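# Structural overview for review
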Amino acid sequence: MTRRIPAAALLAASILAVTSSAQAKAPPSGFEVCGTAACASITAFADAEPLAISLFYGSDGSAELWTPKVPAASFFAVHWSFQQGETHTGYYVPLLNAFRYVGSASGPESAGALVHWIKLGEGARTVLERLTSTLQPFPAPVPSRVTVGGKPVQDPESYLRLWSVGKPTYTWPATGFMAIKATCDLQTPWTDRAAHLSIARRGAFLMRDSTVYRIPAKLARLVRARASLR
């Protein structure tokens, strides 16, 4: 038995929600980008709208990454709001030249919504580099605890490796998956409630966000054994 995840359909629905819920493509209050000790803002609509179009609609070279490999790295938090009381948080990862957000950019946040990793075009990258030029980024996460199927693993930090391995596949055995959960002091793209990892109960398959990847058989066995992945 095989299964397919309709990521393209989910993305289309998410983009439709953005376009139907806001006539203007930029959040009214602009964007706030934060590091460890300070934040910088872009509030002028003429500046915020091109950035929003790049991040949420894909223009000026920015594009959705369908099967991203996203090793943990230092990052900045990006905040915006299309409606009062509904603040959204995304993440800018300079080393990857990528931006990550969850679900609809303008609707209520949901940990179960589609995760978007956006490869930044030149315009968006230039704006974010300028905004963060005087800020210190948050460090790459160091999980204090990781569980596989609810049981703790050895060497939790080594499990961040799972964010950058594997080749996407559209077929896998219907034997089910075990959730891999990370606990970290910081909310990060790799450890927040929307970050999803799970390992197949049998076979060399890893689910990362909404995509299944084929990984080395030895690595899959180490994950199921909850051993160090170094």
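Here's a quick rundown of the structure. Quick caveat: nothing in here was measured; it's all calculated off a predicted structure. Counting starts from 1 at the beginning of each chain's written sequence and moves along it residue by residue. The predicted nature of this model means local features are confined to residues of pLDDT at least 70 and side-chain atom pairs, given and counted, to a pLDDT of 80 or more, with totals for whole chains, interfaces and linings taken over all residues. Note that water and hydrogens are dropped before the side-chain values are worked out from all heavy atoms of the structure.

### A short note on the packing of aromatic side chains
The condition that has to hold: Stacked, edge-to-face and tilted labels apply to pairs of Phe, Tyr and Trp rings (six-membered ring for Trp) whose centres lie within 6.5 Å, assigned for plane angles under 30 degrees, over 60, and everything in between, in that order. Put simply, DSSP H or I for four residues or longer makes a helix, DSSP E for two residues or longer makes a strand, and each gets a number counted from the N terminus. Partly exposed describes any residue whose relative accessible area lies between the buried limit of under 20% and the exposed limit of over 50%, with all areas from a 1.4 Å probe on protein chains only and scaled to the type maximum. The criterion for a charge sitting over a ring is simple: Lys NZ or Arg CZ within 6 Å of the ring centre, and within 35 degrees of the ring normal.
This model, assessed by the stated rule, comprises 14 aromatic pairs. For the ring pair Phe 75 and Tyr 91, a centre distance of 5.5 Å and an interplane angle of 80° mean the geometry is edge-to-face. Of this pair, Phe 75 sits in the loop between β3 (63-64) and β4 (76-81) while Tyr 91 sits in strand β5 (residues 87-93), and the two are 16 residues apart along the sequence. Like Phe 75, the residue Tyr 91 is buried in the burial classification. Through a chain of ring-to-ring contacts, three or more aromatic side chains come together here, namely Phe 31, Phe 56, Trp 80, Phe 82, Phe 99 and Tyr 101. Cation over ring: Arg 208 sits above Tyr 213, and NZ or CZ is 3.9 Å from the ring centre.

### Examining the environment of Met 178
Worth spelling out the cut-off: Contact definition: two residues touch when any of their heavy atoms are within 4.5 Å.
Looking at the element boundaries, Met 178 is found in strand β11 (residues 177-183). The buried category is assigned to Met 178, whose relative accessible area is 11%. Through-space distance from the C-alpha of Met 178 to that of Ala 200 is 6.3 Å; in sequence the pair is 22 residues apart. In this view, Met 178 contacts Val 148, Gly 149, Leu 197, Ser 198, Ile 199, Arg 201, Arg 224 and Arg 226; residues no more than four positions away in its chain are not counted.

### Examining the pattern of salt bridges
Cut-off, in case you're wondering: Salt bridges are identified by distance alone: a Lys or Arg side-chain nitrogen within 4 Å of an Asp or Glu carboxyl oxygen.
Per the counting criterion, the structure on display carries 3 salt bridges. Among the ionic pairs, Asp 192 bridges to Arg 100, the shortest N-O distance being 2.6 Å. Here the residue Asp 192 occupies a position in the loop between β11 and β12 (197-200), and Arg 100 occupies one in strand β6 (residues 98-102), the gap between them amounting to 92 residues. Several salt bridges share partner residues, and in doing so they unite Asp 155, Glu 157 and Arg 230 into one network.

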